[in-house]
Amino acid sequence: TVHDKRYSFRESVPADAPADVWERDPWKGLAKNVSFHTKADDAGAVQRENQAVAVVDPFSTGAHLAAGLEQYGVHIIRIFSAFNSPVASLVQEGLSINYDATVQHDDQALDQSAAVDATIAQLRELPWPVVAVIPGAETGVELADRVSSRMGLLSNGEELTESRRNKYIMGETVRAAGVRAVKQKLARSAVDVEDFLRDFNPTPFKCVVKPVQSAGTDDVFLCDSPDEARKAFKHIFGKVNGLGLLNDSVLLQEFLKGEEFVIDSVSRDGVHKTMATWKYDKRACNNTNFVYHGMRLLQADQGRIPDMIAYSREILDALHIRHGPSHMEMILCDDGPCLVEVGSRVHGGEGSWVPLALECVGYTAVGATLDVYLRPEKWGELPDRPLTLLKHGREVDIVNRHSGVLRGFPGEAVIRAMPSFRTINWDYKPGDFLPLTKDVFTRPGSVILVNEDEAAVDRDFEEVHRMEHMGLFDYTVMCPEPPPLGAVVVVDP
């Protein structure tokens, strides 16, 4: 029947696009045990209704959103917001997702408004009505806003879309709403950098220089002198960042002194509910200031977290994030919290944190997001915030400290035997070149730890990081860059 078909649209592929964008495999992550067979053939499959939900860029935790839709009895559509997305490989191993249609948005069209309308036209050609369009990864936020708004679906609208993606405009929008925001300057030239340095000169000197649109501490520099700030600008400006975007401007900001926290929320009709609160563990390592080492799940009534939750909701209101998920990072300074950035999508990190949250809280932002769009009555039953943790949990972001060609993971067996161990996920395999870890894109993998004893979790957390120095990895050869590959030609062998 027509409902068993799979649809792929190619009409909008420009003539100068990479050849055979569908036949070759630009979407690396989709090869990670991701299935394309008809789920209706599987025993016990959920009967699908005559409606569909589209996930824009179902990468990272967006893949968990797509996989979760299986249980809601809807047809699952994936929309690619760009050709050859650099984050397409960020799909956790083992997820099985059965897409009923694939739509490629033409991100190379000069008239992007018309391109959005063309993408909507493709969605309307499907045999099922689309009832929701949800951003999966950060790269899908803008397109999801525009498509959902123009289709008359639940949406945060187009008016402040750029404020929800561009970190500079985000901060200025928050400030204009009367909410605390970081002091900052947008620089497109060396002259702009000098203007910032003339007006901003704290003692001792410290400032942060980073891309306007990226993620995962990609090229985030902590500068201890004006010269370091100038060098950081030159390093970032004009470079293609981890999200595949050209850094045509650079953000210079005051350094916020304090610990970094995360507030994950899910909203509907402007009512915000906190799904989880986390404390980041970032340390200086590998000649980089902000290297993820992990994060700790916290109770929502602990310490000054209630103040941070109240502040987070002011931010959400200022940016018109009224529906769906949000992932907000902030620094808790002596005089109160201050926004680092917020994404109007689920917490990323390939969704490796999802089982941790489920075991420790009892529900997750992934499930709550799907309920917002498909079962709002279930979302309404969730508490305002999780005041009690069922267990204690931490995610370990593994840090590689010696680059080289990977032979194997001899320390994995030791990690699996730890009292708090739940899961381990590797982003590299033997034979790959394993670079020094400097950001989320060069993280070798992660470990999920859960235990009723918080002290046991903490001991296992630090032991994993101790093993990074010796015993966790084995290398065929240690080298700063991938070794050159070549061949020997024998004439008349």
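Just so it is clear, the model here is predicted, and its values are computed rather than measured. Within each chain, residue numbers correspond to sequence positions counted from 1 in written order. In view of the model being predicted, local features appear only for residues whose pLDDT reaches at least 70, and side-chain atom pairs are presented and counted only at 80 or more, with totals across whole chains, interfaces and linings using the full set of residues. In computing side-chain values, all of the structure's heavy atoms are included and hydrogens and water are not.

Engineer: Help me understand the pairing of strand β13 (residues 324-333) in this model?
Structural biologist: Where a strand is regular, its side chains alternate between the two sheet faces. Most of β13 sits inside the fold, with ten of its ten residues counted as buried. Relative to β13, strand β10 (residues 259-268) runs antiparallel, the two being bridged by nine bridges. Bridge assignment links Phe261 to a residue of β13, and that residue is Met330. Examined bridge by bridge, β13 and strand β14 (residues 336-343) share seven bridges and lie antiparallel to one another. Its bridge partner lying in β14, Ile331 is registered against Cys338. Working definition: with a 1.4 Å probe on protein chains only, accessible area under 20% of the residue-type maximum means buried, over 50% means exposed, and in between means partly exposed. Secondary structure elements follow DSSP: runs of H or I no shorter than four residues count as helices, runs of E no shorter than two count as strands, and numbering proceeds from the N terminus. DSSP bridges decide pairing: two strands pair if at least two such bridges lie between them.

Engineer: Just to check I follow, could you spell out the nonpolar core for this structure?
Structural biologist: Proteins that are soluble and globular tend to have nonpolar side chains buried together. Nonpolar cores were defined as sets of buried Ala, Val, Leu, Ile, Met, Phe, Trp, Tyr and Cys residues, with membership established by side-chain atoms within 4.5 Å. If you look at the biggest cluster of nonpolar residues, it comprises 49 residues, and the most contacted ones within it are Trp278, Leu297 and Trp353. Broken down by element, the residue count for this core peaks at six residues, all from helix α9 (residues 365-374). Residues within four places of Leu297 in sequence aside, it is in contact with Ala276, Thr277, Trp278, Leu356, Cys360, Val361, Leu389 and Gly393. Ranked by size, the runner-up nonpolar core spans 21 residues in total, among them Val174, Val179, Leu316 and Leu332. We call two residues in contact when some of their heavy atoms are within 4.5 Å.

Engineer: Could you clarify how one ought to interpret empty space enclosed by the protein in this entry?
Structural biologist: If you roll a probe as big as a water molecule over the atoms, it shows you where there is empty space left. Residues are said to line a cavity or pocket when one of their atoms sits within 4 Å of a point; the points come from a 1 Å grid over protein atoms alone, cavities being sets where a 1.4 Å probe fits but cannot get out and pockets being open sets with protein on both sides within 12 Å along at least five of seven lines. Grid points are joined across faces, edges and corners, and a volume is the space filled by probe spheres set on the points. In total, this model carries three cavities of 30 Å³ or more according to the counting rule given. Approximately 90 Å³ is the volume attributed to the largest cavity. Pro135, Asp145, Asn156, His323 and Tyr373 are, among the 13 residues lining the largest cavity, the residues nearest its centre. Elements supplying a minimum of two residues to the lining of the largest cavity: β5 (130-135), α3 (141-150) and β13. Looking at the lining of the largest cavity element by element, the count peaks at three residues for α3. Its residues assigned to classes, the lining of the largest cavity comprises six nonpolar, six polar and one charged. Here the nonpolar group is Ala, Val, Leu, Ile, Met, Phe, Trp, Tyr, Cys and Pro; Asp, Glu, Lys and Arg are the charged ones; every other residue, Gly included, is treated as polar.

Engineer: What's the story with the layout of surface pockets in this structure? I'm lost.
Structural biologist: Here the second largest pocket is characterised by a volume of approximately 920 Å³. Thr139, Glu142, Arg165, Gln213 and Leu245 are, among the 33 residues lining the second largest pocket, the residues nearest its centre. Breaking the lining of the second largest pocket down by element, the ones donating at least two residues are α2 (112-124), α3 and α4 (167-176). The leading source of residues in the lining of the second largest pocket is α3, at four residues. Here the lining of the second largest pocket is composed, by residue class, of twelve nonpolar, 13 polar and eight charged.

Engineer: Can you walk me through the pairing of strand β15 (residues 392-397) in this structure?
Structural biologist: Most of β15 sits inside the fold, with five of its six residues counted as buried. Here strand β12 (residues 288-298) pairs with β15 via three bridges, running antiparallel. Pairing of Met295 across the sheet is with Glu395, part of β15.

Engineer: Would you explain the sheet that holds strand β16 (residues 404-408) in this entry?
Structural biologist: To summarise the sheet geometry, strands pair through backbone hydrogen bonds and adopt either a parallel or an antiparallel arrangement. Taken together, the three strands give an open sheet; going across it, the order is β18-β16-β20, and neighbouring strands pair in antiparallel fashion. One side of each edge strand has no neighbouring strand; the edge strands of this open sheet are β18 (433-434) and β20 (474-478). In this structure, β16 lies alongside β20, joined through four bridges in antiparallel fashion. Looking at β20, one finds that Leu406 is bridged to Tyr475.

Engineer: Help me understand α9 in this model?
Structural biologist: An α-helical segment advances 3.6 residues per turn. Residues three or four places apart therefore align on the same side. α9 sits mainly inside the fold: eight of its ten residues count as buried. Turning to α9, its buried residues number three or more, namely Ala365, Val366, Ala368, Thr369, Leu370, Asp371, Val372 and Tyr373. N or O atoms closer than or at 3.5 Å make up a polar contact, with two conditions inside protein: a donor-capable atom paired with an acceptor-capable one, and, for residues adjacent in sequence, both atoms drawn from side chains. Where α9 starts, the residue carrying a side-chain oxygen 3.2 Å from the main-chain nitrogen of Val366 turns out to be Thr364.

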